[in-house]
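In case you want the letters, here they are:
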Amino acid sequence: MAFKSGIPPSEITPESVYLKRRDFMKGSVLATAALAGVPLHAAAMDLKPLDYRKASTSSPAGYFTDESQTPFDDIARYNNFYEFGLDKRDPAKYADRLQTRPWTVAIEGEVDRPGTYDLDELLKGVTLEERVYRLRCVEAWSMVVPWVGFPLSALLSRFGPTSRAKYVAFETLYAPEQMPGQKSLFSTIAWPYVEGLRMDEAMHPLTILAVGLYGRVLPNQNGAPLRLVVPWKYGFKSIKSIVKIRLQETQPPTTWSQSAPEEYGFYANVNPFVDHPRWSQRYERRLPSSLLGVNRIPTQLFNGYADQVAPLYRDMDLSRFY
Ligand code: MTE
């Protein structure tokens, strides 16, 4: 991904060259190197097991796929979490500094019961369920992840959205002392990381808040203690380590569409027919992948969830609203 906003051209060149080279390299060499070495296991990382309802072929359509699940090792060591650095291996290295308890989530804006709530209080009485989803990054790699979480709609409904609630804005923790990327000179992201959804997207049953994966609490590098997962959109919509959820009447700004608006849009629906200006979106590299086994597969419209979500965009020109 690339940054552009508000930087003098003299400063843009070195970083954009660096980032473009990364885009090229991460397709092969870096991926292999990142995943080499001692395997990482959920149990070894001391992640607490969760109580949850398993997903299976009899779950509602879209909640489960029988495609091979990406090993825990790859999911927890090949990350985008720019708060901890630009390299795919940085989050696994540095995210253990993130303090995930106590953790509060502010619910603001167009709701009857706004407030700042303790996460453990919010999770009381929530039924956790597994969702085995494809995750397709805009950089053209993908995974299959067995998330554990609950529908975002279940949370939003509890606070009584008003009739003026048309969009939902999300915000990640801002804590430079825990997140070295937030004070890095290389970073041109305007922290905190922010994302947003239209209200109907937020209320869709496929949209979840995840608190775990592979049956255990989320590793910090995957967005602990609470992250969004929207499986039919590019991965950058799935904002990590959420501290604020705001319902509002207007479309909220989002981190990547602000950094490079001609490359990343608000909608970010996975679409093999709308290329990124700098690369094709027709295929993806499914992890695990290596130099010898690249595992290249065709990308599906709405990441394979078209039956469930295409009606949300019935009258929209998807190449204009990318
Ligand atoms: N959320 C925050 N706060 N910061 C980030 O840098 N990266 C996004 C998304 N959520 C990101 C984020 C991108 S680009 C992707 S592809 C996914 O997280 C990656 O999730 P994963 O590391 O769990 O695979």
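Everything below is about the structure shown above.
Residue positions are counted from 1 within each chain, in the order its sequence is given. The predicted origin of the model limits local features to residues at a pLDDT of at least 70 and limits the giving and counting of side-chain atom pairs to 80 or more, whereas totals for whole chains, interfaces and linings rest on all residues. To get the side-chain values, take all heavy atoms of the structure and skip hydrogens and water.

A. Spotlight on the pairing of strand β10 (residues 242-248). With five of seven residues buried, β10 lies mostly within the body of the structure. Bridge analysis of strand β1 (residues 104-109) against β10 gives four bridges, and the strand direction is parallel. Across the sheet, E108 pairs through a bridge with R246, a residue of β10. Pairs of strands are assigned from DSSP output, requiring at least two bridges between the strands. A run of H or I in DSSP counts as a helix once it spans at least four residues, and a run of E counts as a strand once it spans at least two, with each numbered from the N terminus. In this sheet, β10 lies alongside strand β5 (residues 167-172) in antiparallel orientation, the contact comprising six bridges. In the strand pairing of β10, F170 is matched with I245. We call a residue buried when its accessible area falls under 20% of the maximum for its residue type, exposed when it is over 50%, and partly exposed in between, using a 1.4 Å probe and counting protein chains only.

B. Broad picture of the nonpolar core. Definition of nonpolar core: a set of buried residues of the types Ala, Val, Leu, Ile, Met, Phe, Trp, Tyr and Cys, connected through side-chain atoms within 4.5 Å. One finds W147, F170, L228, W232, F236 and I245 to be the most contacted residues of the largest nonpolar core, which totals 84 residues. Should any heavy atoms of two residues lie within 4.5 Å, those residues are considered in contact. Those residues in contact with W232, other than ones at most four positions away along the chain, are E201, H204, L206, T207, N269, V270, F302, N303, Y305, V309, L312 and Y313.

C. The arrangement of the site of the ligand in detail. Nearness is defined per residue: one heavy atom within 4 Å of the molecule or strand is enough. Near the ligand, the surroundings consist of 19 residues, among which N79, Y82, E83, R227 and K240 are the closest. Polar contact criterion, stated in full: a pair of N or O atoms within 3.5 Å, where within protein one must be able to donate a hydrogen and the other to accept it, and residues adjacent in sequence count only if both atoms are side-chain atoms. Within the side chain of E83, one N or O atom sits 2.8 Å away from a nitrogen atom of the ligand. With respect to the ligand, the backbone of S238 contributes an N or O atom lying 2.9 Å from a nitrogen atom. The protein chains hide 99% of the 540 Å² of surface that the ligand would expose on its own. Here the open area of atoms and residues is found with the Shrake-Rupley method and a 1.4 Å probe, where only the protein chains shown may cover a residue.

D. Expanded view of the pattern of salt bridges. For salt bridges, the criterion is a side-chain nitrogen of Lys or Arg within 4 Å of an Asp or Glu carboxyl oxygen. All told, the structure shown has 20 salt bridges when counted by the stated rule. With a shortest N-O distance of 2.7 Å, E195 and K237 are connected by a salt bridge. A residue pair is termed long-range when its members are at least 10 positions apart, and E195 in strand β6 (residues 194-198) and K237 in the loop between β9 (227-229) and β10 qualify at 42 residues. Take E195 and K237: they sit in the same class, and that class is buried. Put simply, E67, R134, R136, E284 and R286 are held in one network by salt bridges that share partners.

E. Highlighting the side chain of E284. Tracing the chain through its elements places E284 in strand β11 (residues 283-286). A distance of 3.2 Å separates polar atoms of two side chains, one belonging to E284 and the other to R136. A polar atom in the side chain of E284 sits 2.8 Å from the side chain of S142.

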